[in-house]
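Descriptive structure summary
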Amino acid sequence: MKMKWFKSLAFTTLALAVMATAVPVASAASKLSGKIVINGSSALLPLTLQAAKEFKKLNPKVKISASAAGSITGPQSVRKGIADIGAVDWDASTDVPGFKKFDGQVAHKVAVIPFAAVVNKGVGVDNLTTKQLQDIFSGKVKNWKEVGGNDASIVVVNRAFGSGTRVNFQMKALDGSDFMSKGDNYKEVKSSGDMKTAVETTPNAIGYMDLVYVTSKMKALKINDVAPTEANVINGKYKVWGYGYYMTKGQPTGATKAFIEYIQSKTFQNGSLKKLKFIPISAMK
Amino acid sequence: MSMKKTVIISVLAAAVSTSAVGAVSAAPAATASTQVTNSTFYVNDAVTTVRTIVKDGVTLVSVRDLGVAAGATFTVTGGKTVLAYLNDVLVELQDGSTKVRIGDEEGELGAAVVNVNNSFYAELEGFASALGIEQTTDASGKVWLDATKRLTDAEDPIWIDAQTLLVSTLAEDGGRVDYKVNAATGEFTEVFRTSTASALTVAPNGAKAAYTDETGAVYVLDLATKSSSKVSGDDTIKPELVWSADSSAIYFLQGDKGSVIAKLNPADGAITKVLEDKVDYKADLAVSADGKKFFYSVTKPGAVTADANKPVESDDVAIDMTGTEPQLYFFDSSVKDGKPAKLTEKADDKIFVGASADAGQAYYISSEENKVSSLLAVGADKSVKSLLEGKDVIQATAAGDKLYALVATATGGEVYEIQGAASKLLYTVSEDVSEIVAGKGASVAVVEGGAILVDNGGKWKKVTK
């Protein structure tokens, strides 16, 4: 390999006058070509688009299109054959509360996603136990004063069925207990963006979201006296987190395989993935 | 520090002066009358004498002479074993053997080691390779040996001035180490070591670089003193940082979806919003020298229709990816109540988006399935023109008022320089060249098989491997 280089490149005369005649089609840099369609988790979409942008610079002949409408649509799209990759916030090759496993699909970890219980900034509570969270999200506890806050009715904001954030929050923050599903002080939203808006603008609201999307206009709660921080996720103290997955129909090949390898690479995991406030999969022991 | 360990060997050149020395070898492997020749070598561009012999048609060099010239140290044990140490590599040779041990690995020399008058001779190419010495043969037949210690697996090279590249390497702990690399010698010095910081965005003056940490806070690193200072604690996600032309301000895209264009004054940490139009997934931000004009791309996610009320097993989901290709936009912040203008409409992929130094136009590579990829420019008036007609462009980068393009050909690649309407071929390169690196006033560098090479006065100088 080295000798090949020496012979072919080392002493190429600079400013060589080479006649450009025919129009050659690409054979240099990357020979990879193809089209990748990705659908699923809205939480993972910024990560997917960032990785796609970088991957296309290394593989300019690969086209990547991405969309999001909730985690469950990821493996559904793969099963239906309209997407190559289903982005989902749980391992959809296994059963989880509310969803059966997707047979024949392979799960590829791409990121660690911490989730946080969040409240409107006016709520005077900073910490809730698992039991208190279960009671609030099931509708059993209806007033903030019952958990140490002000005398004000709690407004529960929930993600719609099919949300990966909802699946993770139910499994890990509520220990699998059920959500309430109706009532005057109950709202259901369809995306992380809608959740953010609802919690920021609704007095006495409580909801949950990916930690990375928590803003200064809301408050992320401690759970069982542990703050939702990257450090506490990595050191094992904070339990409300999950992996983000790319699902494929069987083992991936070609451009799809290369793209998954790129998003799992040290370069991306320790670079852009961190910049977008996700945690590298290698950080979890 | 002596960094010029380049060994120029002209064994094959007839013009070098040599003096034959008759020698009688006591070693069994050597013939009774092995002729030792004092050959003239060039070490660090200075004439040096290295003893050579010819055995069975193969030129063998004095292990000690070549090793010392390259900066190696030696130990000989039992009169049969030579240990040579250079640049953290330990090489073990055995008299009469073709086996060579390099650290924990074993290799093979092209000829057995020979002992002549208690001096060991080894096949040149194999011995040099074992020591990690780069060998090249130039057009006149001269063999160059370069023993400079080099970085390995360096990534993301950028010029920080006309003589220096900034590169990154992955650390074993999962972090990153950034180095300055002397483009003439390959000498390198550590600048920054981190496990939490984003990639460095170097200021146009080459004196400092900006980065964000995992909280979104912004820091400025002084590349000379290697000290960092926090210039903003703002915890929003910042997917892209861009320095102003005068290196005094940092523009950035803000939010996980890069929806806002904002400006940070590092002097006081003040952040001002330049554009907040609720359009998500902006990228490729470029800012004019006066800080008033902005080019950027926008990627629109596909539209999904799914009925959550239907059973999951029904897979009632449809995806429409129409119009999801990135489009370029222009925004002039000096225009009162001005709106961003969409410059492109075509459904091609647009990669390597950038802008000319005067912000008169943006450039990008247009990629479509089963077509050659074109290097195009689009002006604020939406006029699109080809910058390199009929070439399959796979990478483009700007430096000053020039563009550089890497083109794929049937046999390898070509590098073009484009200035205004004129373009010229600079180099033909191997198919393993994957990237070109240009900097204002600097030579062109290329990345080939993971190594970085710099055009050094007409020859490619490998500065990392």
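Just so we're clear, the structure is a prediction, and the values are computed from it rather than from any experiment. (Residues numbered from 1 in each chain as written. Chains lettered and ligands numbered in written order. Predicted model: local features only at pLDDT ≥ 70, side-chain atom pairs only at ≥ 80, totals over all residues. Heavy atoms only, no water.)

Counting secondary structure elements, chain B contains two helices and 44 strands. By the compact-globule yardstick of 23 Å for 465 residues, chain B is too spread out, its C-alpha radius of gyration being 28 Å. Counting only C-alpha atoms, chain B reaches 90 × 55 × 45 Å along its principal axes. Here chain B holds 465 residues, and the buried ones make up 52% of them. For chain B, restricting intrachain contacts to residue pairs at least 6 apart in sequence, the fraction spanning at least 24 positions comes to 36%. On chain B, roughly 19,900 Å² of surface is accessible, and the fraction owed to carbon and sulfur atoms is 48%. Distance between charge centroids for chain B: 5 Å, based on 43 positive and 63 negative side chains. (Helix = DSSP H or I, 4+ residues; strand = E, 2+ residues; numbered from the N terminus. Rg over C-alpha atoms; globule rule 2.2 N^0.38 Å. Buried < 20%, exposed > 50% of the residue type's maximum accessible area, 1.4 Å probe, protein only. Contact = heavy atoms within 4.5 Å. Areas by Shrake-Rupley, 256 points an atom, 1.4 Å probe, with all protein chains shown as cover. Lys, Arg positive; Asp, Glu negative; His and termini not counted. Charge placed at Lys NZ, Arg CZ, Asp CG, Glu CD.)

Residue and element names in this part refer to chain B. As enumerated under the stated definition, the model contains 33 salt bridges over all chains in all. Residues Asp256 and Lys257 are paired through a salt bridge, measuring 3.5 Å at the closest nitrogen-oxygen approach. Taking the relative accessible area as the measure of exposure, Asp256 reaches 14% and is therefore buried. Its salt-bridge partner being Glu417, residue Lys402 comes within 3.9 Å of it at the nearest N-O pair. With Lys402 in strand β38 (residues 402-408) and Glu417 in strand β39 (residues 413-419), the pair connects residues that are 15 residues apart, well separated along the chain. Note on Glu417: relative accessible area 12%, which makes it buried. (Salt bridge = Lys/Arg side-chain N within 4 Å of Asp/Glu carboxyl O.)

So, about the domain arrangement of chain B. Residues and elements named next belong to chain B. Domain boundaries in chain B define domain 1 (12-146) and domain 2 (150-188 + 387-465). Contact residues are listed per partner, giving four residues for domain 1 and five residues for domain 2. Taken over both partners, the interface formed by domain 1 and domain 2 buries close to 380 Å², and the fraction arising from carbon and sulfur atoms is 38%. Looking only at domain 1, the three residues that lose the most surface to domain 2 are Glu134, Trp144 and Asp146, adding up to 82% of its buried area. (Domains from an automatic or database assignment. Buried area = accessible area lost by both parts, 1.4 Å probe.)

This part is about the interface of chain B and chain A. Across the contact, 81 residues belong to chain B and 64 residues belong to chain A. Surface buried jointly by chain B and chain A totals about 6,100 Å² across both partners, of which 60% is contributed by carbon and sulfur atoms. Across the contact surface, chain B and chain A share six salt bridges. In this structure, Lys53 of chain A engages Glu240 of chain B in a salt bridge whose closest nitrogen and oxygen atoms are separated by 3.6 Å. Counting residues per element, the side of chain B that touches chain A draws most heavily on strand β40 (residues 422-429) of chain B, which supplies five residues. Class assignment of the residues belonging to the side of chain B that touches chain A gives a composition of 31 nonpolar, 25 polar and 25 charged. (Nonpolar A, V, L, I, M, F, W, Y, C, P; charged D, E, K, R; others polar.)

What follows concerns the sheet that holds strand β20 (residues 208-212) of chain B. All names here are of chain B. Pairing within the open sheet is antiparallel, and its four strands lie in the order β19-β20-β21-β22. Sheet topology places β19 (201-202) and β22 (228-232) at the edges, where each strand pairs with a single neighbour. The pairing of strand β21 (residues 218-222) with β22 spans four bridges and is classified as antiparallel. Counted as the bridge partner of Val218 is Ser232 from β22. (Pairing = 2+ DSSP bridges.)

Glancing now at the pairing of strand β8 (residues 205-210) of chain A. Residues and elements named next belong to chain A. With respect to burial, β8 is a largely interior element, six of its six residues being buried. As paired elements, strand β4 (residues 105-120) and β8 share five bridges and run antiparallel to each other. From the neighbouring strand, Val118 faces β8, where its bridge partner is Gly207. By the bridge criterion, two bridges tie strand β6 (residues 155-159) to β8 in an arrangement that is parallel.

What follows deals with the sheet that holds strand β33 (residues 349-355) of chain B. Residues and elements named next belong to chain B. Ordered by their spatial adjacency, four strands build an open sheet running β33-β34-β35-β36, and the pairing between neighbours is antiparallel. For this open sheet the edge positions go to β33 and β36 (384-386), each flanked by a neighbour on one side alone. Within this sheet the neighbouring strands show an average axis-to-axis angle of 30°, counted without direction. (Axes fitted to C-alpha atoms, helices over the stretch in contact; angles between N-to-C directions.)

Buried together is how nonpolar side chains tend to be arranged in soluble globular proteins. Residues and elements named next belong to chain A. Ranked by size, the top nonpolar core spans 92 residues in total, and within it Leu133, Ile136, Phe137, Trp144, Phe169, Ile206 and Phe259 carry the most contacts. Counting residues per element, this core draws most heavily on β4, which supplies nine residues. Both domain 1 (34-111 + 244-283) and domain 2 (114-234) contribute no fewer than three residues apiece to this core. Every residue in contact with Phe137, bar those within four places of it in the chain, is listed here: Val156, Val157, Phe169, Leu174, Asp178, Phe179, Met180, Ile206, Gly207 and Tyr208. (Core = buried A, V, L, I, M, F, W, Y, C linked by side-chain atoms within 4.5 Å.)

Right, let's talk about the confidence of the model for chain A for a bit. Counting all residues, the mean pLDDT for chain A is 88, and 89% of those residues have values of 70 or more. Scored below 50 in pLDDT, residues 1-29 of chain A makes 75 contacts in the model with residues more than four places away or belonging to other chains. (pLDDT = per-residue confidence, 0-100.)

Within a regular strand, side chains alternate between the sheet's two faces. All names here are of chain B. Across the five residues that make up strand β12 (residues 119-123), a large majority, five, are buried. When strand β11 (residues 114-116) meets β12, the two strands line up antiparallel, connected through three bridges. By the bridge assignment, Val116 is partnered in β12 with Ser119. Remark: two residues form the turn of the hairpin made by β11 and β12, two consecutive strands paired antiparallel; Asn117 in that turn has positive phi of roughly 55°.

This prediction gives chain B a mean pLDDT of 88; 91% of its residues lie at or above 70. Listed scores for the predicted complex are pTM 0.83 and ipTM 0.82.

The next thing to look at is the packing of aromatic side chains. Residues and elements named next belong to chain B. On inspection of all chains with the given rule, the structure shows 21 aromatic pairs over all chains. With a centroid separation of 4.7 Å and 40° between ring planes, the pair formed by Phe192 and Tyr211 is classed as tilted. With Phe192 in strand β18 (residues 188-194) and Tyr211 in strand β20, this residue pair connects regions lying 19 residues apart in the sequence. Neither residue differs from the other here; Phe192 and Tyr211 are each classed as buried. (Phe/Tyr/Trp six-rings, centres within 6.5 Å; stacked < 30°, edge-to-face > 60°.)

Structurally, the position occupied by Asp349 of chain B is in strand β33. With relative accessibility at 5%, the residue Asp349 of chain B sits in the buried group. Here Lys56 of chain A takes part through its side chain, which lies 2.8 Å from a polar atom of the side chain of Asp349 of chain B. Excluding residues within four positions of it along the chain, Asp349 of chain B makes contact with Lys56, Val62, Lys63 and Ile64 of chain A together with Pro326, Ile365, Ser366 and Ser367 of chain B. (Polar contact = N/O pair within 3.5 Å; in protein donor to acceptor, adjacent residues only side chain to side chain.)

Moving on to unusual backbone geometry. Residue and element names in this part refer to chain A. Positioned with a positive phi, Asn224 is a non-glycine residue whose angle comes to about 55°. Along the chain, the position of Asn224 falls in the loop between β10 (222-223) and α7 (230-234). Positive phi is not limited to glycine here, since Asp225 has a value of about 70°. Position of Asp225 among the secondary structure elements: in the loop between β10 and α7. Take Asp225: its relative accessible area is 59%, and that puts it in the exposed class.

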